[in-house]
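# Survey of secondary and tertiary structure
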Amino acid sequence: MRTLIFFVSVIMLSGCSVSHYLKRELKNSTVLGQQHSGVSIQNLSGKKELAAYQSDKYYNPASNTKLFSYYAGLCALGDSIPGLEYLEWGELLIIRGTGDPSLLHPDLPDSKVFEFLKNRKEPIFFTPHNFENKRFGPGWAWDDYNDYYQTEVSPLPVYGNIARFSGNESPVESAAEEASPGKAAQPFQVSPAFWSKAMVLDTTASGIEREESQNLFHHSKLGVPQGLMQDVPVHMTNAVTIQLLSDTLKKEIKLINIPLEIELRKVNSIPSDSLYKRMMQVSDNMLAEQLMLLYASANGLPLNTEKAIAHAIEHHMSDFPDKPIWKDGSGLSRYNLFTPRTITALLQKIYQKVPQEKLFQILPAGGKTGTLSNQFKAESPFVFAKTGSFSNNYCLSGYIITKKGKTFVFSFMNNNFIRPSGEIRKEVERILTGLHQKF
């Protein structure tokens, strides 16, 4: 009888040990005590949490929002991204965007859309009539317009909607100096070269600073330090879109703002996984925002993030424990609010759609790739997760493999801290590493 009681006790203890471990570590933490934290840990399937701490409370997820955009993409897109829709109308070709961000994007594979447009002989007209979005999402910081992580949203992005400034190994004349002979050479260049004539020498500028309402780029004498790079968002308008396309294709693209209510033909651009991987590995906000427009296009909606999110929640996410307060694709919005237990429910859904080997290549791997390359260092990665951070917030949600070979889904959300974010990251890493080692 004593033996039986002993084994029953062991079984009961093992069932609640993850919960006991989590609560003990959070209670004893001297780092997490003066902030808002919530944690959910679950098996790959099943609704009952193995461990939870304030997992039913709402937190700002920052870039953990990209997990929702990723799942929306999985539900709407196939193996390839639909890059363009078009109508052959007499001797004209009318095109419209799907939100696909890959056309001439400097960090994505070559888009088949470029070759399609390059090889067309008839006059090309671009219609933006299906685009209903604003350039920024709700709750974005207006004064981040010059920062690489806040590119403008558009129906047909070109060159990633950025101008890329690179410091050269040796000084060369920039376009600003070519336009004004006699000035000192500048050790940087811009891509696409279309923007080379939009440079303004400004000794008060720090690096490259774009004017808020137009594409004039102020630069200091140094501009961009040797060997470094600065991406500056372009103020995207319909006119800018067709100017960039015309300049690159070496033929005129014209604007025509008309609805296309009939079924259109499509051109696929790049493999979907190449977009997902880039978005997750470096936490690319631009790709996440455009992905939600791709979701809208694939579901016959206008290119509108709000409508895309409402559709995704209704058709694919209505069974979550708590309703997501979801406002943008990237997580830049301060209005986003999710609960940890809803994120772990989402991670379970993602796992059911994507084979583990592929999923773990797309997500950052602890100690190896992406935004987790400097955390969770080990001989073999055991954490595969999406980071999310901005001022006073740090969240981490994904999958953890224990030493005993178990795989858990987890969401560890931290808001409203005043400590340096590096201290919060290290404490999250310490607690999750202990989970890996003990179970």
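Here goes a summary of the coordinates provided. None of the values given here were measured: they were computed from a predicted structure. Sequence positions are assigned chain by chain, starting from 1 and proceeding in written order. For this predicted model, a pLDDT threshold of at least 70 governs which residues receive local features, and a threshold of 80 or more governs which side-chain atom pairs are given and counted, while totals over whole chains, interfaces and linings are taken from all residues. Side-chain descriptors were evaluated using all non-hydrogen atoms of the structure, hydrogens and water having been removed beforehand.

### Comments concerning the pairing of strand β3 (residues 80-89)
Counted only if it meets this: Only protein chains enter the area calculation, which uses a 1.4 Å probe; residues under 20% of their type maximum are buried, those over 50% are exposed, and those in between are partly exposed. Each helix corresponds to a stretch of at least 4 residues labelled H or I by DSSP, and each strand to a stretch of at least 2 residues labelled E; elements are numbered beginning at the N terminus. When DSSP locates at least two bridges between a pair of strands, those strands are taken to pair.
Across the 10 residues of β3, 7 count as buried, placing the element largely inside the fold. The sheet contact formed by β3 and strand β13 (residues 265-271) spans 5 bridges and is antiparallel. Counted as the bridge partner of E85 is K266 from β13. Pairing of β3 with strand β4 (residues 92-97), which is carried by 6 bridges, proceeds in the antiparallel orientation. What sits directly across from L84, in β4, is G97. Hairpin connection of β3 to β4: 2 residues between the antiparallel strands, including G90 at a positive phi of 65°.

### Quick notes on the pattern of salt bridges
To keep things clear, this is the line we draw: Basic side-chain nitrogens of Lys or Arg form a salt bridge, by our definition, when they fall within 4 Å of a carboxyl oxygen of Asp or Glu.
The final tally for this structure, using the stated rule, is 19 salt bridges. A salt bridge links R164 to D107; the nearest nitrogen and oxygen atoms lie 2.8 Å apart. One end of the pair, R164, is in strand β6 (residues 162-172); the other, D107, is in the loop between β4 and α3 (112-119), with 57 residues separating them in the sequence. Among the residues examined, D107 registers a relative accessible area of 28% and is labelled partly exposed. Residues participating in the shared-partner salt-bridge network are D107, R164, D231, R278 and D284.

### A closer look at the pairing of strand β14 (residues 383-390)
For β14, a buried count of 6 out of 8 residues is recorded, marking the element as mostly surrounded by other parts of the structure. One ladder, built from 8 bridges, connects β14 with strand β15 (residues 393-401); its direction is antiparallel. The partner of A385 across the bridge, within β15, is G398. Two successive antiparallel strands, β14 and β15, enclose a turn made up of 2 residues, where N392 displays a positive phi of approximately 70°.

### Section: helix α7 (residues 285-298)
Applied cut-off: Multiplying 1.5 Å by the residue count of a helix minus one yields the expected span of that helix. We call two N or O atoms a polar contact when they sit within 3.5 Å, provided that within protein one can donate a hydrogen and the other can accept it, with sequence-adjacent residues counted only if both atoms are side-chain atoms.
Its 14 residues place the ends of α7 20 Å apart at the C-alpha level, agreeing with the 20 Å of an ideal helix rising 1.5 Å per residue. A side-chain oxygen of the first residue of α7 lies 3.0 Å from the backbone nitrogen of M286; this N-cap is D284.

### Structural notes on the packing of helix α2 (residues 65-76) against helix α9 (residues 340-353)
Test applied: Geometry is summarised by axes, namely lines fitted to C-alpha atoms with helices restricted to the contacting stretch, and by angles between N-to-C directions that run from 0 to 180 degrees. Rotating anticlockwise by less than a right angle from the far helix to the near helix defines a left-handed crossing, while the corresponding clockwise rotation defines a right-handed one. The contact criterion used throughout is that any non-hydrogen atoms of two residues lie within 4.5 Å. Any residue that is not Ala, Val, Leu, Ile, Met, Phe, Trp, Tyr, Cys, Pro, Asp, Glu, Lys or Arg is counted as polar, Gly included; the first ten are nonpolar and the last four charged.
Taken N-terminus to C-terminus, the directions of α2 and α9 make an angle of 35°; their axes are 10 Å apart at the nearest point. The two elements α2 and α9 cross, and the hand of that crossing is left-handed. Here L67, F68, Y70, Y71, L74 and C75 of α2 lie close against α9, whose contacting residues are T342, I343, L346, L347, K349, I350 and K353. For the contact of α2 with α9, a count of residues per class yields 10 nonpolar, 1 polar and 2 charged.

### So, the nonpolar core
Formally: Residues grouped as a nonpolar core are buried Ala, Val, Leu, Ile, Met, Phe, Trp, Tyr and Cys residues, joined through side-chain atoms within 4.5 Å.
Y70, W326 and I350 are the most contacted members of the largest nonpolar core, which totals 47 residues. Listed by contribution, the elements that provide at least two residues to this core are α2, α6 (272-281), α7, α8 (305-316), α9, α10 (356-362), β15 and β16 (407-415). The dominant element in this core, judged by the number of residues it contributes, is α7, at 8 residues. Excluding residues that lie within four positions of it along the chain, Y70 makes contacts with Y276, M279, M280, L291, I350, V354, L359 and I362. Of all hydrophobic cores here, the second largest spans 34 residues; its members include L84, F116, L117 and V158.

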